[in-house]
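Observations on chain architecture
So you can see what is in the structure, the chains are spelled out below.
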Amino acid sequence: MPAPGPDEVLRLAVDARCAHGEGVVWDQDRQQVLWVDIDGARLWLHRPGDGHTRSWALPERAGCIGLGEDGSLLLALAKGLYRADLDGAGQELPLWHLEAVELEQAHTKVNDGRADRHGNFVFGTMNEHPERAPTGAFYQYSAAHGLRRLPLPGVAIPNSICFSPDGLTMYWCDSLDARILCGDYDPANAQVRAVRCFARIEDDANASPDGSCIDADGYLWNAQWGAARVVRYRPDGTVDRIVPLPVPQPSCCALGGPALDTLYVITSPQGLDPAARAAAPESGGLYALPVPGCRGLAESRVALP
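About the criteria used
Residues numbered from 1 in each chain as written. Predicted model: local features only at pLDDT ≥ 70, side-chain atom pairs only at ≥ 80, totals over all residues. Heavy atoms only, no water. Helix = DSSP H or I, 4+ residues; strand = E, 2+ residues; numbered from the N terminus. Rg over C-alpha atoms; globule rule 2.2 N^0.38 Å. Areas by Shrake-Rupley, 256 points an atom, 1.4 Å probe, with all protein chains shown as cover. Lys, Arg positive; Asp, Glu negative; His and termini not counted. Charge placed at Lys NZ, Arg CZ, Asp CG, Glu CD. Pairing = 2+ DSSP bridges. Axes fitted to C-alpha atoms, helices over the stretch in contact; angles between N-to-C directions. 1 Å grid on protein atoms, 1.4 Å probe; cavity = no way out; pocket = protein on both sides within 12 Å on 5 of 7 lines; lining within 4 Å. Points joined across faces, edges and corners; volume = space filled by probe spheres on them. Nonpolar A, V, L, I, M, F, W, Y, C, P; charged D, E, K, R; others polar. Salt bridge = Lys/Arg side-chain N within 4 Å of Asp/Glu carboxyl O. Buried < 20%, exposed > 50% of the residue type's maximum accessible area, 1.4 Å probe, protein only.

Quick notes on the overall build of the protein
When its secondary structure is counted, the protein shows one helix and 25 strands. Radius of gyration (C-alpha) of the protein: 18 Å, near the 19 Å computed for a compact globule of 305 residues. Surface accessibility of the protein: about 12,000 Å² in total, with carbon and sulfur atoms responsible for 49%. Between the centroid of the 26 positive side chains of the protein and the centroid of its 39 negative side chains there is a distance of 0 Å.

Right under this line is the structure:
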């Protein structure tokens, strides 16, 4: 793994102090980074070009974000999908309800998700009951078909959802299992076949796979909860590089910036005891790191009604 170069300096981009930062995405059209504070029930926005940062309260806890083709957002809250209008946002964020999600399930909520490369949004639900039974599920949302459940086994904490550059391989994980999985993805029919292990997180018992993104070379970047790092995996699942972080719980990552060569990592203090919080007071903040020689893919967009 190459040593960091002189231009590769990790910095705290926004000291957001989120209760549980997650779901970071880069909007290439507007040159801004967006993420959610799940437990704080807020949506955050930061423009690196001029430093503008703001946030909005949400009516319930959030899970993840998709970018709409028309500039709006798909905002996945705990029990439903919503369309959000940033252009019309003042102190409040205008929201329109699109779909309910698992209202009959008392212990589940929407967790990780990302747009595929075909105008759909794919996300998973997690089981918040202390027993963590694998009762969560994976779904595809589209304007044409609404919600369609993907034929994948139940999951406790779905994460790492992302797609290969050609859009035909889907990646995901259950964060209780130290593996990132992948399968052949058929977007038109909401099918995933030939499920297999992409990578194993074997070198650190404290590491749990969390949010991921894919770069232009088909490498997968995975934020590893509990291990204070982001790991870049080659397309064959072997480790290419490890990016250490000064806080223990990175939760999601995205590649952004004008040249798509800046790694953004959102973090979380959720579950840290007082001593661990004191040792990592910037937990819940957004970090940025230039990664010369790597280039991201513009975030795919969702066709919304």
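Notes on the sheet that holds strand S11 (residues 121–127)
One open sheet accounts for four strands, arranged S10-S11-S12-S13; its pairing is antiparallel. Looking at the sheet topology across the chains shown, the edges are occupied by strand S10 (108–115) and strand S13 (146–149). Each adjacent strand pair in this sheet contributes to an overall mean axis angle of 30°, direction not counted. Examined bridge by bridge, S10 and S11 share six bridges and lie antiparallel to one another. Within S11, the position partnered with Thr-108 by the bridge is Asn-127.

Remarks on the layout of surface pockets
Roughly 370 Å³ of internal volume is contained in the largest pocket. Lining of the largest pocket is provided by 19 residues; of these, His-20, Met-126, Arg-132, Ile-157 and Gln-270 occupy positions nearest its centre. Elements with a contribution of two residues or more to the lining of the largest pocket: S10 and strand S18 (208–214). Among the elements that line the lining of the largest pocket, the one with the most residues is S18, at three residues.

Quick word on empty space enclosed by the protein
In the structure shown here, the tally under the stated rule is one cavity of 30 Å³ or more. In this structure, the largest cavity spans a volume of roughly 190 Å³. Contributing to the lining of the largest cavity are 17 residues, with Arg-114, Cys-213, Ile-214, Leu-297 and Glu-299 lying nearest its centre. The set of elements that each furnish at least two residues to the lining of the largest cavity consists of S10, strand S14 (158–163), S18 and strand S22 (250–256). Element by element, the count of residues in the lining of the largest cavity is highest for S22, at three residues. For the lining of the largest cavity, the residue count by class is 12 nonpolar, two polar and three charged.

A short note on the sheet that holds S14
Strands pair in a sheet through their backbones, by hydrogen bonds, and they do so in one of two ways: parallel or antiparallel. One open sheet holds the four strands; their spatial order is S14-S15-S16-S17, and the pairing between them is antiparallel. The sheet is open, and its two edges are formed by S14 and strand S17 (191–200), each paired on a single side. Going from strand to strand, the sheet's axes swing by 25° on average, the running direction of each strand aside. Bridge analysis of strand S15 (residues 169–174) against strand S16 (residues 179–186) gives four bridges, and the strand direction is antiparallel.

Looking at unusual backbone geometry
Positioned with a positive phi, Ala-194 is a non-glycine residue whose angle comes to about 55°. In this fold, Ala-194 is placed in strand S17. The backbone of Leu-260 sits at a positive phi, close to 55°, despite the residue not being glycine. Within the secondary structure, Leu-260 is located in the loop between S22 and strand S23 (262–267).

Section: the pattern of salt bridges
For the structure on display, the rule yields 16 salt bridges. Asp-177 is the salt-bridge partner of Arg-179, the closest N and O atoms lying 2.8 Å from each other. By relative accessible area, Arg-179 is classed as partly exposed at 26%. The class of Asp-177 is partly exposed, set by a relative accessible area of 29%.

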